[in-house]
2 protein chains.
Amino acid sequence: MNMPLTSQTSQTSLTPLVEQVRSFNRTMTERVGALNDHFLGKNHPLGEARLLWEIGIDGASVRDLRRRLELDSAYVSRLLRSLEKQGLVEVKASAHDGRVRLVRLTKAGLRERAELDRRADTFARSLLEPLSESQRVKLGAAMAEVERLLIASMVQIAVADPTSQDARWCIEHYFAELNQRFPTGFDPTRGIQAHPHELTPPAGLLLVAHLREEPVGCGGLKFHENGIGELKRMWVAPRARGLGLGQRLLLALEQAARDAGMTMLHLETNGSLTVAIAMYRHNGYQEVEAFNDEPYAHHWFEKRL
Amino acid sequence: MNMPLTSQTSQTSLTPLVEQVRSFNRTMTERVGALNDHFLGKNHPLGEARLLWEIGIDGASVRDLRRRLELDSAYVSRLLRSLEKQGLVEVKASAHDGRVRLVRLTKAGLRERAELDRRADTFARSLLEPLSESQRVKLGAAMAEVERLLIASMVQIAVADPTSQDARWCIEHYFAELNQRFPTGFDPTRGIQAHPHELTPPAGLLLVAHLREEPVGCGGLKFHENGIGELKRMWVAPRARGLGLGQRLLLALEQAARDAGMTMLHLETNGSLTVAIAMYRHNGYQEVEAFNDEPYAHHWFEKRL
DNA sequence: CTATTTCTCTGATTTTAGTCAGATAATTTG
DNA sequence: CAAATTATCTGACTAAAATCAGAGAAATAG
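From a predicted model like this one, the values you see are computed outputs, not experimental measurements. (Residues numbered from 1 in each chain as written. Chains lettered and ligands numbered in written order. Predicted model: local features only at pLDDT ≥ 70, side-chain atom pairs only at ≥ 80, totals over all residues. Heavy atoms only, no water.)

### So, the protein's contact with DNA strand C
Taken together, 23 residues are adjacent to DNA strand C, and A:Tyr75, A:Asp97, A:Gly98, B:Arg63 and B:Arg78 come closest. Put simply, 72% of the atoms of DNA strand C that lie within 4 Å of the protein are in sugar or phosphate. Contact between DNA strand C and B:Ser73: a base nitrogen at 3.3 Å from a side-chain N or O atom of the residue. Here B:Arg99 contributes a side-chain N or O atom positioned 3.3 Å from a sugar or linking oxygen of DNA strand C. Broken down by secondary-structure element, the contributors of at least two residues to the surface near DNA strand C are helix H2 (46-55) and helix H4 (73-85) of chain A together with helix H3 (62-69) and helix H4 (73-85) of chain B. Counting residues per element, the surface near DNA strand C draws most heavily on H4(B), which supplies five residues. Looking at the surface near DNA strand C residue by residue, the class counts come to seven nonpolar, five polar and 11 charged. (Near = heavy atom within 4 Å. Polar contact = N/O pair within 3.5 Å; in protein donor to acceptor, adjacent residues only side chain to side chain. Helix = DSSP H or I, 4+ residues; strand = E, 2+ residues; numbered from the N terminus. Nonpolar A, V, L, I, M, F, W, Y, C, P; charged D, E, K, R; others polar.)

If you want it as structure tokens, here you go:
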């Protein structure tokens, strides 16, 4: 129920690009990695510095710190004890949940963190300084592009239980967005339903996309006896848009439909979802006569698999 | 004689770009740094793996390894002993200099290094795999751009002694290139000279650009009594072209001329150096009547400072 | 030729990073 | 309410990543 899906994209040769990525990595390690460490780990060991940074201005729970930095709880505990001894942090139990402990930076801790901030700034400036104005602009744009695409490649798509917390979160937000975007609003009880059991194998399935453990999109599929698969609940969270994730979800769903023996895909959609409609057309979906009476739909599409 | 020069570019606000650089660094550390380490440090501790990698197929001296990885000599020695015990490297004294020790990978070491190579490949692939073909191409291009600009920002320009090894290396290569490019060939004894003492303060100066300790370009200046500075020996090594280095050298020379009280710059150049000529024009140099009888020159330029 | 520097090594020691096995207390589940 | 789970902590331990002091051999400078 939770194995990640392998890539659905074509198996063209990656080799020349692999060389570029590796060369890039080497340069990054030399120019960013090493210096970064030396800059940040000046007064504190790197672990402490990272923790100090991660606690942030508003504080955080030990639990979150452990998760975000992916550190062993014993280790985090020890680091916190050390920071506490240096008078940089205060730890107290959460009022909400007595097991959880909240960490906040003391005044001295905030000062220390500001110092780290300054160092990171100085470092960034040292990269930009020798460049001309136009080079700087180009560098900024290229960095943004690399970042965007690397983040896109971090998104993982996997089959999920529609009743899981993450799946429900996606579907709720999907409904909320439809309600906002449809001129008529949207009431999920009125349209054609897709109940959890219908999106659970073997009746169908639901894919959920995650970015850094957090859900950022979903797409469902109902399998019908006649070999027709029905696409439902295609949604990408606003913060993950522009990463090509809709496209990836669609390809993954098509593959899943093929694997389930479907020969045709159906979907209906509302006229206000122009981006989605463009994507369906671009992927070879043909607009056809209405094949159901979904009250919110303006367009019906099909694609032979 | 060897202090790095500060930036000559305008002091516009770097702040928004600094934010982009820092965000980029964070993503890199998360996505490239951490994973890189885990990938490489699978069979060996990271230090050993890095060393194994750095020794390379052709071997290296302990001295160079220490410099390149910026490690303490005791530490390198220990790492080498460990690799030796594992049968991965052989260390023997240099025939050239009995103090220097040369390290070479054994067959087993080469196998091990190939394994690291494969891992790095796998990692690069894992970044590319989830992306669509067009995203991959964009990522490759953006990475190349970031890399090119970061390398550009690594170049350091400093005043150098014209008799130093690096300066002589640059000037020799400059002459060799002129000899190749001029239809008539080039004989340095025939044209107007620029002897070392003329390029040494206070009579003049020579800037040499370095990338990773290696010289990659130069630019000289002779100061005359009448407030006219004469540009000489502008050259960028082929491997450092496309980094905007010529432009940087030119700006640095202009600043140095101003600092020396010059009010005008003169230069003459050969018609075959079209890129250089374009750069001079672009930087406000006006073509004027011949002000000397340099036999290799076709164009004479001046710029009021 | 002598003094100094360079290169590498060993021994001793420290700091950092991280793991594993519980113990304890609070909370949630059945 | 009992049992299971969660969040955190301490103690005990290990491996890795250094650092420092100094020694010995070779090369270089004066």
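### Remarks on the interface of chain A and chain B
Listed by partner, the interface residues are 59 residues for chain A and 59 residues for chain B. The contact between chain A and chain B buries some 5700 Å² in all, and 63% of this surface belongs to carbon and sulfur atoms. Our count for the contact surface shared by chain A and chain B stands at four salt bridges. Between B:Asp121 and A:Arg22 there is a salt bridge, and its shortest N-O distance comes to 2.8 Å. Here chain A is connected to chain B by 16 residue pairs in polar contact (both at pLDDT 80 or more). When its residues are assigned to classes, the side of chain A that touches chain B shows 27 nonpolar, 17 polar and 15 charged. (Contact = heavy atoms within 4.5 Å. Buried area = accessible area lost by both parts, 1.4 Å probe. Salt bridge = Lys/Arg side-chain N within 4 Å of Asp/Glu carboxyl O.)

### A word on the protein's contact with DNA strand D
Around DNA strand D sit 22 residues in total, of which A:Arg63, A:Arg78, B:Tyr75, B:Asp97 and B:Gly98 are the nearest. Considering the 4 Å shell around the protein, atoms of DNA strand D inside it are sugar or phosphate in 73% of instances. A:Arg66 places a polar side-chain atom, nitrogen or oxygen, 3.1 Å from a phosphate oxygen of DNA strand D. A distance of 3.3 Å separates a base nitrogen of DNA strand D from a polar side-chain atom of A:Ser73. Among the elements that make up the surface near DNA strand D, the one with the highest residue count is H4(A) (five residues). Broken down by class, the residue content of the surface near DNA strand D amounts to seven nonpolar, four polar and 11 charged.

### Describing the environment of B:Arg125
Here B:Arg125 lies in helix H5 (residues 107-128). On the basis of relative accessibility, which here comes to 30%, the residue B:Arg125 falls in the partly exposed class. Not counting residues within four places of it along the chain, the set of residues in contact with B:Arg125 comprises A:Leu14, A:Thr15 and A:Val18. (Buried < 20%, exposed > 50% of the residue type's maximum accessible area, 1.4 Å probe, protein only.)

### Examining unusual backbone geometry
Residue and element names in this part refer to chain A. With an omega of 5°, the peptide bond between Pro 201 and Pro 202 qualifies as cis. The residue Pro 202 is located in the loop between helix H7 (165-181) and strand E5 (204-211) in this model. Although it is not a glycine, Arg 233 sits at a positive phi angle of roughly 60°. Its location among the elements puts Arg 233 in strand E7 (residues 228-236).

### A few points about the domain arrangement of chain A
Once the domains are mapped, chain A shows domain 1 (15-130) and domain 2 (155-304). Averaged C-alpha coordinates put domain 1 of chain A and domain 2 of chain A at centres separated by 39 Å. (Domains from an automatic or database assignment.)

### Quick word on the sheet that holds strand E2 (residues 89-93) of chain A
Residues and elements named next belong to chain A. The three strands lie next to each other as E1-E3-E2, forming an open sheet whose pairing is antiparallel. Of all the strands in the sheet, just strand E1 (60-61) and E2 have a single pairing partner and so form its edges. Where E2 lies against strand E3 (residues 101-105), five bridges are found, and the strand directions are antiparallel. Its bridge partner lying in E3, Val 89 is registered against Leu 105. (Pairing = 2+ DSSP bridges.)

### Digging into the pairing of strand E3 (residues 101-105) of chain B
Taken together, the two bridges between strand E1 (residues 60-61) of chain B and E3(B) define a ladder with antiparallel strand orientation. The residue of E3(B) that forms the bridge with B:Ser61 is B:Leu102.

### Focus: the environment of A:Arg239
Residue and element names in this part refer to chain A. Following the sequence through the fold, Arg 239 ends up in the loop between E7 and helix H8 (245-259). Relative accessible area serves as the criterion here: at 48%, Arg 239 is assigned to the partly exposed category. Arg 239 sits 26 residues away from Glu 213 along the chain, and the two C-alpha atoms are 14 Å apart. Apart from residues lying up to four places away in sequence, Arg 239 is in contact with Leu 211, Glu 214 and Val 216. A polar atom in the side chain of Arg 239 sits 3.1 Å from the side chain of Glu 214.

### Examining the pattern of salt bridges
All told, the structure shown has 41 salt bridges over all chains when counted by the stated rule. Between A:Arg258 and A:Glu254 there is a salt bridge, with the nearest N and O atoms lying 4.0 Å from each other. Of this pair, A:Arg258 and A:Glu254 are both found in helix H8, four residues apart, which corresponds to roughly one turn of the helix. Residue classification places A:Glu254 among the buried positions, given a relative accessible area of 2%. Across the pair B:Lys232 and B:Glu268 runs a salt bridge whose closest N-O atoms are separated by 3.0 Å. Taken together, the positions of B:Lys232 in strand E7 (residues 228-236) and B:Glu268 in strand E8 (residues 264-269) put the pair 36 residues apart, joining distant regions of the chain.

### Digging into the relation of the copies chain A and chain B
Both copies of the chain are tied together by a single rotation about an axis and a shift running along it. Laying chain A over chain B is done by rotating through 180° and shifting 0.2 Å along the axis; what remains is an RMSD of 0.6 Å. Read as a symmetry element, the transformation amounts to a two-fold axis. Rotation axis and chain A: the residue whose C-alpha lies nearest the axis is A:Ala142, separated from it by 2.6 Å. Residue by residue, 100% of the interface of chain A is reproduced at the interface of chain B, so both copies engage with the same surface. (Least-squares fit on C-alpha atoms with pLDDT ≥ 70 in both.)

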